[in-house]
Amino acid sequence: MSRVLVGVKRVIDYAVKIRVKPDHSGVVTDGVKHSMNPFCEIAVEEAVKLKEKKFIKEVVAVSCGPTQVTETIRTALAMGCDRGIHVEVSGKDYEAMGPLQISKIFAALAKKEEASLVILGKQAIDDDCNQTGQMTAALLDWPQGTFASEVTIDGEKVKVVREIDGGLETIKISMPAVLTADLRLNTPRYATLPNIMKAKKKKIANMKPADLGVDEPPTRLAGVKVETVDDLVAKLKANGTI
Amino acid sequence: MAALFKAGKALGLCVSGCRSLSSLAELPEMHQMMRQTCRDYADRELGPIAGKLDKEHLFPAQQVRELGAMGVMAVEVPEALGGAGMDYLAYSLAVEEISRGCGSTGCVVSVNNSLYIGPILKFGTQKQKEQWITPFTTGEKVGCFALSEPGNGSDAGAASTLARQEGEEWVLNGTKAWITNSWDASATVIFATTDKSLKHKGISAFLVPMPHPGLSLGKKEDKLGIRATSTANLILEDCKIPLGNMLGSRGSGFKIAMQTLDSGRIGIASQALGIAQAALDCAADYAHKRTAFGAPIGKLQAVQFKLADMAVAVESARLLTWKAAMLKDAKKPFTKEAAMAKLAASEAATFCGHQSIQVLGGMGYVTDMPAERHYRDARITEIYEGTSEIQRLVIAGQLLKEYAS
């Protein structure tokens, strides 16, 4: 029956003062407080609300990353998701992972779980990519309602009010679809103590990207710095990009 | 042991024995999640309004309802009765985190959980539990605990409030003093003498709804701290209640009070920890930002020593509090440890409140920064639910028993 996949990402908590590592290879993450990406919280809340309104039967929380992401999945379970899926990626692979890999994983899971909706946060507060939702929809060839500030289910269609540069845009898309949550979609609930207790009993399935047919992320090639726009155009012409 | 461990795990309880020491080092996952939820709530919902609640003496009714919905107003109460069904360690963590956001709100949570619901849960009949606990789990209603009188605080055995039986009713007469939550409560657990000749063995406990004919409230006390809570006298003038409103057996009131206070001490210790931690957070943050003599004041040893002493005081009191909670959860004797926790935590709170103002200097003395509120909120923790002096007597008494030949 009607099932929703919600993506949750474990990120450095929004209130933490970010510090760059001494070797400039990244930011300090060891011992730093992490929590669920705020936009993912909004996505979870929307999914749980849809379930409470009986539009959907089951909410599955999904996260990709090392063991620690199970904490984030448990938080989603405590907010009301029914079960979780942990796609295990660690170490160098995790650092190299980007929206394209995640989208491939989500697309594969959406098909495997026969989801009617995939709800994601519009972007993560660590990389601000704002790509995963859109890429996932493209890979699945599903309609997408991004930057959603209001979601209404109407039979087999979803009415989405989107926050765009010019104001608000209302679209009607058919399910299955991908939605990404924007700030004003809802106010996420605090997990209640009884729900935290119940979350302990809910299942989190464990799998690897390979199990879903998703390959290793490619090594990222180094870039080149140029001084002027003319140099940039010349280089792009030289390597055949334009 | 294995069976107990399995059963405990299934119930999500913190099981004692070989796990307790490691649990002191790192809390079980569920407790960590619960602690994080309460911390998030305190940071987002209580922190921003705590100053206003204190300044205007406002009872945080909406926040209490929200905490009720989260299960924080009845942490230990079984789910069947409407509570969260968690253990005392979870309760201690909840009170600490809530108090860190707002000392007054932490007090309301503690009084409702430990002092009002606590004795009814332990000594009440099933009917009394359904009638007097369930409506008080949601945050819509809070309860209070009336033991102290104008004539006796520490001397609890000398209760002069009287209860005489008249037909199918108890008639109560007397005055209770310093009752926290009084003006906001919908019921009270109250202690009165039923047999004066039996001295402290002649005291009984009763459940009285509020408001009720024959029960009136004195003026709200104008307090130094925890100003968002109401503290007042309860005046009983021929206050009539049904016979079924006696809690526990006749003459067991003193025992009920003492056992309730034992557990309540862990709650107050947790409240004191929250206030102490808030004071430490304030001072440590300021030490990073304020510059003097060309560098942040956190570089000065004088400030560093203060922060270190504050941190040690808080952490050691916290471990004592957790230990007392875990002993209680394991159904082992915990009187001595609870008294030690309350003593250590309350003295840590006043110490941290004091030093926090010192680190902030002039800024610590004005209401723009929360340091002065922590200083004022901390002070009561050394007094209520057993003064520091009484705690020392309790600890010494237990200790000497252990060494008796």
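Procedures and definitions
Residues numbered from 1 in each chain as written. Chains lettered and ligands numbered in written order. Predicted model: local features only at pLDDT ≥ 70, side-chain atom pairs only at ≥ 80, totals over all residues. Heavy atoms only, no water. UniProt positions renumbered as here; feature names shortened; annotations may be inferred. Helix = DSSP H or I, 4+ residues; strand = E, 2+ residues; numbered from the N terminus. Salt bridge = Lys/Arg side-chain N within 4 Å of Asp/Glu carboxyl O. Buried < 20%, exposed > 50% of the residue type's maximum accessible area, 1.4 Å probe, protein only. Patch = residues over 30% accessible without salt bridge, like charges linked within 9 Å, V, L, I, M, F, W, Y side chains within 5 Å. Areas by Shrake-Rupley, 256 points an atom, 1.4 Å probe, with all protein chains shown as cover. Expected span 1.5 Å × (residues − 1). Bend = angle between axes of the 7 residues up to and from the residue. Phe/Tyr/Trp six-rings, centres within 6.5 Å; stacked < 30°, edge-to-face > 60°. Contact = heavy atoms within 4.5 Å. Buried area = accessible area lost by both parts, 1.4 Å probe. Polar contact = N/O pair within 3.5 Å; in protein donor to acceptor, adjacent residues only side chain to side chain. Nonpolar A, V, L, I, M, F, W, Y, C, P; charged D, E, K, R; others polar. pLDDT = per-residue confidence, 0-100.

The name an unreviewed UniProt entry assigns to chain B is Short-chain specific acyl-CoA dehydrogenase, mitochondrial, from the organism Oncorhynchus tshawytscha. Looking at the Cofactor (unreviewed entry) heading of the UniProt record, one finds this comment for chain B: "FAD". Its UniProt record gives chain B a comment under Pathway (unreviewed entry), which states: "Lipid metabolism; mitochondrial fatty acid beta-oxidation."

If you check an unreviewed UniProt entry, chain A appears there as Electron transfer flavoprotein subunit beta from Oncorhynchus tshawytscha. Looking at the Subcellular location (unreviewed entry) heading of the UniProt record, one finds this comment for chain A: "Mitochondrion matrix".

Trainee: Before we go on, may I ask you to explain the UniProt feature "domain: Acyl-CoA dehydrogenase/oxidase C-terminal" (unreviewed entry) in chain B in this structure?
Mentor: In this numbering, the UniProt entry assigns the feature "domain: Acyl-CoA dehydrogenase/oxidase C-terminal" (unreviewed entry) to residues 251-399 of chain B. Annotation note: span residues 251-399 of chain B, helix share 79%, strand share 3%, distance between end C-alpha atoms 28 Å.

Trainee: I would appreciate a short explanation of the pattern of salt bridges in the present structure.
Mentor: For side chains of opposite charge, pairing can occur when their charged atoms come near one another. Residue and element names in this part refer to chain A. Counted by the stated rule, this structure contains 37 salt bridges over all chains. Note that Lys51 and Asp82 form a salt bridge whose closest N and O atoms lie 2.5 Å from each other. Taken together, the residues span a long stretch of sequence, with Lys51 in helix α1 (residues 38-52) and Asp82 in the loop between α2 (69-79) and β5 (83-88) at a distance of 31 residues. Here Asp82 falls in the partly exposed class, since its relative accessible area comes to 23%. Residue Arg162 pairs with Glu169 through a salt bridge whose shortest N-O separation is 2.7 Å.

Trainee: What is the right way to read a nonpolar patch on the surface from this model?
Mentor: On the surface, Ile18, Val20 and Val27 of chain A cluster together to form a nonpolar patch covering roughly 250 Å² of accessible area. According to the relative accessible area criterion, Val20 of chain A is exposed, its value standing at 54%.

Trainee: I keep staring at helix α6 (residues 103-123) of chain B and nothing clicks. Help me out?
Mentor: Each turn of an α-helix holds 3.6 residues, which means side chains three or four residues apart point in the same direction. Residues and elements named next belong to chain B. Helix length check: α6, at 21 residues, gives a terminal C-alpha distance of 29 Å against a target of 30 Å (1.5 Å per residue), a fit within 8%. For α6, the principal kink sits at Ile117 and spans about 45 degrees; a proline, Pro119, occurs within the next four residues. For α6, the buried fraction is high: 18 of the 21 residues fall into the buried class.

Trainee: Help me out: how do you make sense of the UniProt feature "domain: Acyl-CoA dehydrogenase/oxidase N-terminal" (unreviewed entry) in chain B in this one?
Mentor: Feature annotation in UniProt places "domain: Acyl-CoA dehydrogenase/oxidase N-terminal" (unreviewed entry) on residues 29-140 of chain B, given in this structure's numbering. As a span, residues 29-140 of chain B carries 71% helix and 0% strand, and end to end its C-alpha atoms are 30 Å apart.

Trainee: Quick question: what am I supposed to make of the packing of aromatic side chains here?
Mentor: What describes a pair of aromatic rings is the distance from one ring centre to the other and the angle between the planes of the rings. With the rule as written, the count across this model stands at five aromatic pairs over all chains. Where Tyr190 of chain A meets Tyr41 of chain B, the ring centres are 5.0 Å apart and the plane angle is 70 degrees; that geometry is what we call edge-to-face. Placement of the pair is Tyr190 of chain A in the loop between β10 (177-181) and α6 (193-199) and Tyr41 of chain B in helix α3 (residues 29-55), with the two residues belonging to separate chains. Assigned by exposure class, Tyr190 of chain A and Tyr41 of chain B land together as buried. Arranged with centres 5.2 Å apart and planes meeting at 65 degrees, the rings of Phe145 of chain B and Phe191 of chain B form a pair that is edge-to-face. Separated by 46 residues along the polypeptide, Phe145 of chain B in strand β1 (residues 142-146) and Phe191 of chain B in strand β4 (residues 185-193) bring together distant segments of the chain.

Trainee: Sorry, what's going on with the interface of chain B and chain A here?
Mentor: Interface size is often expressed as the accessible area that is lost when the parts come together. At the interface, 23 residues of chain B touch 17 residues of chain A. In terms of surface lost to chain A, no three residues of chain B exceed Met30, Met33 and Met70 of chain B, which account for 29% of the buried area on that side. Arg74 of chain A is the salt-bridge partner of Glu29 of chain B, the closest N and O atoms lying 3.3 Å from each other. Counting every contact that joins chain B to chain A gives three residue pairs in polar contact (both at pLDDT 80 or more). For the side of chain B that touches chain A, the secondary structure elements donating two or more residues are α3 and α4 (61-70) of chain B. Tallying contributions element by element places α3 of chain B first for the side of chain B that touches chain A, with 10 residues. Counted by class, the side of chain B that touches chain A contains 12 nonpolar, five polar and six charged residues.

Trainee: Help me understand the confidence of the model for chain B, please; the structure alone is not making it clear to me.
Mentor: For residues with low pLDDT, the predicted coordinates do not support detailed interpretation. Confidence in the prediction of chain B, expressed as mean pLDDT, is 92, and 94% of residues score 70 or more. Low confidence marks residues 1-19 of chain B, where pLDDT is under 50. Its contacts with residues over four positions away, or in another chain, come to 24 contacts.

Trainee: Looking at this structure, how should I read unusual backbone geometry?
Mentor: Excluding glycine, most residues fall at negative phi; most peptide bonds, likewise, are trans. The step from Met175 of chain A to Pro176 of chain A runs through a cis peptide bond, and the omega angle for that step is 5 degrees. You can see Pro176 of chain A is positioned in the loop between β9 (167-174) and β10. Positive phi is not limited to glycine here, since His57 of chain B has a value of about 50 degrees. Inspection of the secondary structure puts His57 of chain B in the loop between α3 and α4. A relative accessible area of 33% means that His57 of chain B is categorised as partly exposed. With phi around 80 degrees, Asn181 of chain B is a residue other than glycine that occupies positive phi space. Checked against the element boundaries, Asn181 of chain B lands in the loop between β3 (169-180) and β4.

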